[in-house]
Each structure stands twice: as C-alpha cells, then as structure tokens.
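Chain by chain, the residues:
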Amino acid sequence: MARERIEGLDGVLAKLKSLEGKAAKKIVRHSLRAGAKPLRNEMKRNARKFDDPATSEAVYKQIATRSIPKRTLKRFDFDEGVSTGVKDSKPGQPYHYGLFLERGTAHMRAQPFIRNSADNTRTEVFTAVSADLWDGITKQVSAKGK
C-alpha cells in the first residue's frame, strides 16, 4: 500500500477536523475516488495495448476503483481508502491475465502498465484530491453555518 505525505494542507485539515465524523469521512472518500479517476483512466489507456482484436477479452475492462475494506485500513491506521488496479478474477473468466501481465510469471516477463500509470499521473491525482477535498469541505462548512 502506497503512502504519500502532502505538505501545506494545514488549513484544509483544520476545517476537516471541525466537521462531524460521518460528514468528514464522506468528503474524504469522495475526494479519494475523484483522485483515482485520472489514474484509472491512464491505466485503462495503457492496458489497451495488450488487447487482441481477434478475441473478445480486454485487459482494460478488468481495471477498477474500489473501497478498501475497514479491516485492512485498521492495520495501516487509515480511516478511509480506495484502491485502483486489476480486479481479482478466477481462471476461465474473461481477461483473467491482467495481473500476470503486470507482475510476470515464470514463463513470461512482466509488462508493467499499472506502475507506469501511477508515475505518470501522480500530479493529476494529488491535484484532483486536493481540489475535491477543498470543495467538499467548503460546501459542508457553508451548509453547516446556515
């Protein structure tokens, strides 16, 4: 699980702490999902190069954003989290080979597309999260003040 430290958000965090628990969690979850969109779109764009037009299977269809279960978050001392990557699937299901492409196997070398996408969209992700977080906080604070 990747961890990033963002500097300069003291005002945002102070306002976020002033909100009630459920409202703050909802804003954070929404912001994390907004930040995951550019990453997910870049992953899908990079995964399309592996698709074979002769078959109906498509690696890009296996990429998704989902919430991280609470029990997993507790181990890492997080309150909210989202994950963007290749969905788990079982052998025989369409596009089962997405993780094998990313990580490689004993019979084929890795052809990473997830790590490259994460490196290419890092700035966009943080910009989207911070913008959406600020919008959500200001809306909630203004609604709270009315």
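Calculation criteria
Residues numbered from 1 in each chain as written. Predicted model: local features only at pLDDT ≥ 70, side-chain atom pairs only at ≥ 80, totals over all residues. Heavy atoms only, no water. Helix = DSSP H or I, 4+ residues; strand = E, 2+ residues; numbered from the N terminus. Contact = heavy atoms within 4.5 Å. Areas by Shrake-Rupley, 256 points an atom, 1.4 Å probe, with all protein chains shown as cover. Core = buried A, V, L, I, M, F, W, Y, C linked by side-chain atoms within 4.5 Å. Buried < 20%, exposed > 50% of the residue type's maximum accessible area, 1.4 Å probe, protein only. Pairing = 2+ DSSP bridges. Phe/Tyr/Trp six-rings, centres within 6.5 Å; stacked < 30°, edge-to-face > 60°. Lys NZ or Arg CZ within 6 Å of the ring centre and 35° of its normal. pLDDT = per-residue confidence, 0-100. Salt bridge = Lys/Arg side-chain N within 4 Å of Asp/Glu carboxyl O.

Notes on the overall build of the protein chain
Within the protein chain one finds six helices and two strands. The linear arrangement of helices and strands in the protein chain, starting from the amino end, is α-α-β-α-β-α-α-α. Long-range pairs, those at least 24 residues apart, make up 61% of the contacts in the protein chain between residues at least 6 apart in sequence. For the protein chain, the exposed surface amounts to about 9,900 Å²; the carbon and sulfur share of it is 52%.

A word on the nonpolar core
Core analysis: the biggest nonpolar cluster contains 12 residues, these being Leu39, Met43, Ala47, Phe50, Val59, Ile63, Val86, Leu101, Phe113, Ile114, Val125 and Val129. If you list the elements that add at least two residues to this core, you get α2 (21-47) and α6 (122-145). The element that contributes the greatest number of residues to this core is α2, accounting for three residues. Ignoring sequence-local partners within four residues, the contact set of Ile63 consists of Arg40, Met43, Lys44, Ala47, Gly85 and Phe113. In this structure, Leu19, Ala24, Ile27 and Ile137 belong to the second largest nonpolar core, which totals five residues.

A word on the pairing of strand β2 (residues 82-86)
Buried residues dominate β2, accounting for four of its five residues. The pairing of strand β1 (residues 63-67) with β2 spans five bridges and is antiparallel. Counted as the bridge partner of Ala64 is Gly85 from β2.

A look at the packing of aromatic side chains
Across all of its chains, the model carries one aromatic pair by this definition. Note on Phe50 and Phe113: the rings are 5.6 Å apart at their centroids and 55° apart in plane angle, and the pair reads as tilted. Of this pair, Phe50 sits in the loop between α2 and β1 while Phe113 sits in the loop between α4 (98-103) and α5 (114-120), and the two are 63 residues apart along the sequence. Just as Phe50 is buried, Phe113 falls in that class too. Directly above the ring of Tyr60 sits Arg48, whose terminal nitrogen or CZ lies 3.8 Å from the centroid.

Focus on the confidence of the model for the protein chain
A residue-level look at the protein chain finds 76% of positions with pLDDT of 70 or above and a mean pLDDT of 78. For the protein chain, per-element mean pLDDT is lowest for helix α1 (residues 10-18), which scores 68, and highest for α5, which scores 88.

Quick look at the environment of Met43
Here Met43 lies in helix α2. Overall, the relative accessible area of 1% leaves Met43 in the buried class. For the pair Met43 and Gly85, spaced 42 residues apart in sequence, the C-alpha to C-alpha distance is 7.9 Å. With residues near it in sequence (within four places) discarded, Met43 still touches Ile63, Thr84, Gly85, Phe113, Ile114 and Ser117.

Comments concerning the pattern of salt bridges
Counted under the stated rule, the structure contains three salt bridges. For Arg45, the salt bridge goes to Glu42, with nearest N and O atoms at 2.9 Å. Residue Arg45 and its partner Glu42 are both found in helix α2; the two are separated by three residues, about one turn of the helix. Residue classification places Glu42 among the buried positions, given a relative accessible area of 14%. Between Arg115 and Asp119 there is a salt bridge, with the nearest N and O atoms lying 3.8 Å from each other. Taken as a pair, Arg115 and Asp119 lie in helix α5 at a separation of four residues, close to a single helical turn. The exposure class assigned to Asp119 is partly exposed, which follows from its relative accessible area of 43%. Because the salt bridges share partners, they merge into one network encompassing Arg115, Asp119 and Arg122.

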